[in-house]
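# Fold and contact review
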Amino acid sequence: MNRTIAPPIKDAVDFDIKLKPYEQYKLDNGIPVYVMKSEEQETLQLELVFPAGSWYESESMEATATNFLMKNGTSKHTAQEINESVDYHGAYLNRNAYHENATYTLHCLSKHTEVLLPTLQEVVLDPIFPEEELSLYKQNQKQKLSVNLLKCDFVANRFIDKYLFGEFHPYGRVSSMMAYDALQTEGLQAFYKKHYTYNNCKIFVAGNLPANMIPLLNKYFGSTQWNGDAHLMKLDLPVQPAEEKKFRIFNDENGVQGAVRVARHFPNRYHPDFPKMLVLNTIFGGYFGSRLMSNIREEKGYTYGIYSQLYNFRQTSALNIQTEAGRDVCEATIDEIYKELQRLQEEPVPKEELDLVRNYMIGSILGDLDGAFQLIQRWKNLILNDLDENYFYNNIKTIKTITAEELQELARQYFTPGDFYELVVI
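Let us look at the structure shown here. Keep in mind the model is a prediction, meaning the values are calculated, not measured.

## Looking at the packing of aromatic side chains
Under the defined criterion, the tally for this structure stands at 23 aromatic pairs. Here Tyr22 and Tyr34 contribute two aromatic rings whose centre-to-centre distance is 5.4 Å and whose plane-to-plane angle is 80°, an arrangement assigned as edge-to-face. On the criterion of sequence distance, the pair formed by Tyr22 in the segment before strand 1 (23-26) and Tyr34 in strand 2 (residues 32-37) is long-range, its members being 12 residues apart. Looking at Tyr22, the relative accessible area reads 26%, which means it is partly exposed. Judged by relative accessible area, which is 7%, Tyr34 ranks as buried. One aromatic cluster is present, formed by Phe50, Phe129, Tyr192, Tyr196, Phe221 and Trp226 through successive ring pairs. In this arrangement the basic side chain of Lys10 is found over the ring face of Phe15, its NZ or CZ atom lying 4.8 Å from the centre.

## Focus on helix 3 (residues 113-125)
In an α-helix, one full turn covers 3.6 residues, which means residues spaced three or four apart are oriented alike. A rise of 1.5 Å per residue sets the reference length of helix 3, with its 13 residues, at 18 Å; its end C-alpha atoms lie 18 Å apart and thus fit the reference within 8%. When helix 3 is considered as a whole, its buried residues turn out to be Thr113, Leu116, Leu117, Thr119, Leu120, Glu122, Val123 and Val124.

## Things to note about the packing of helix 12 (residues 351-368) against helix 14 (residues 389-401)
The interhelical angle for the contact between helix 12 and helix 14, taken along N-to-C directions, is 155°, at an axis separation of 9 Å. When the interaxial angle is binned, helix 12 and helix 14 end up roughly antiparallel. Crossing of helix 12 against helix 14: the hand is left-handed. Residue-level inspection shows Arg358, Met361, Ile362 and Ile365 of helix 12 in contact with helix 14, the latter providing Phe392, Ile396, Ile399, Lys400 and Thr401.

Reading guide: rules and limits
- Residues numbered from 1 in each chain as written.
- Predicted model: local features only at pLDDT ≥ 70, side-chain atom pairs only at ≥ 80, totals over all residues.
- Heavy atoms only, no water.
- Phe/Tyr/Trp six-rings, centres within 6.5 Å; stacked < 30°, edge-to-face > 60°.
- Helix = DSSP H or I, 4+ residues; strand = E, 2+ residues; numbered from the N terminus.
- Buried < 20%, exposed > 50% of the residue type's maximum accessible area, 1.4 Å probe, protein only.
- Lys NZ or Arg CZ within 6 Å of the ring centre and 35° of its normal.
- Expected span 1.5 Å × (residues − 1).
- Axes fitted to C-alpha atoms, helices over the stretch in contact; angles between N-to-C directions.
- Parallel < 35°, antiparallel > 145°, perpendicular 65-115°, else oblique.
- Left-handed = near helix turned anticlockwise from the far one by under 90°.
- Contact = heavy atoms within 4.5 Å.

Set out below in structure tokens:
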């Protein structure tokens with residue numbers, strides 16, 4: 001090897017990306033288990049997923065509260081004892097509730113898996129929702145809400161979702177003091193019994209698995225039909241957007257910044273325009289070198305950062321541009337956003353810029369595929385949305401082959417200023 005000669009540079013778009021396949025098993029009671037093995041580190045991630053998100057609520061906030069409080073006491077152990085057991089082994093037991101799904105995730109050293117699985121089983125199969133824990137939860141959440149309502153960016157996020165989807169739709173519903181006060185133990189128990197059942201469970205495992213991993217999962221989660229055989233019907237909830245499209249809200253008379261949101265509806269990930277819009281959005285405002293950043297941050301100095309994003313919701317989606325700017329330049333910021341939207345409609349994206357964005361996006365995907373934990377997350381998103389690896393490869397193909405003319409046509413279709421909702425909270 002001649003070290004005086006630099007190796008050739010290979011663009012990210014020239015890589016032949018392959019999505020490593022998972023292994024699939026089925027427990028005795030039918031629970032599917034998706035496995036991504038790796039021996040690089042002595043760590044493991046185990047995630048249980050349930051259709052228990054806000055979409056299925058009959059009372060506001062009960063999905064989040066149920067998910068949170070399952071870990072806060074069982075018939076055998078208190079919340080403190082559960083936390084001490086997990087912490088003692090250097091592990092982390094996390095829970096999250098989203099719009100469609102809710103999860104319980106265990107991160108631990110592989111050698112402690114067998115010791116920690118009984119604790120995870122107890123949390124998922126035997127929560128009792130102690131009254132004192134519910135009372136403390138409501139108190140803490142109301143205190144957080146009262147503090148957050150003083151922040152313009154928090155208020156803006158709440159309102160823009162409500163304008164896009166409607167205040168009674170799961171995507172637009174927000175927390176409130178009344179909703180927290182209305183939470184009752186009986187309601188949480190009923191929600192838990194209906195949604196956290198064996199036949200609604202999927203398990204995703206990644207990392208350095210013990211040799212007896214599947215038998216262990218079978219022992220703790222596959223041997224019985226725990227919580228019964230509940231069959232859920234997902235309600236058809238129509239989106240009810242606001243009729244007006246321009247909003248100005250005064251929230252903090254002493255504030256020096258305002259929160260700006262400019263957003264519009266967009267088809268969900270099953271629509272053929274969705275992967276194309278991922279490319280156009282990256283150019284527009286999806287990374288640090290985007291058009292919005294170059295103009296509004298670097299040239300104008302209105303903000304420290306401005307981004308646009310596509311929501312990845314199941315039923316529908318949205319394109320949302322968001323930033324915080326000085327109160328005196330919020331309106332000018334919106335004007336510049338529309339100028340950049342219009343420029344993408346009128347001018348084809350230069351080849352150099354498009355090539356840069358292609359390499360950025362492919363490079364980001366390569367980073368997301370680095371390791372078993374990232375791979376299982378990629379597969380989880382596909383599986384939970386009833387997609388397969390063809391969707392992944394089609395997105396890669398779109399990034400590599402989309403033309404400046406296609407992007408310009410896409411901008412003409414979706415970047416019309418009159419289609420956007422405007423919100424400024426100061």
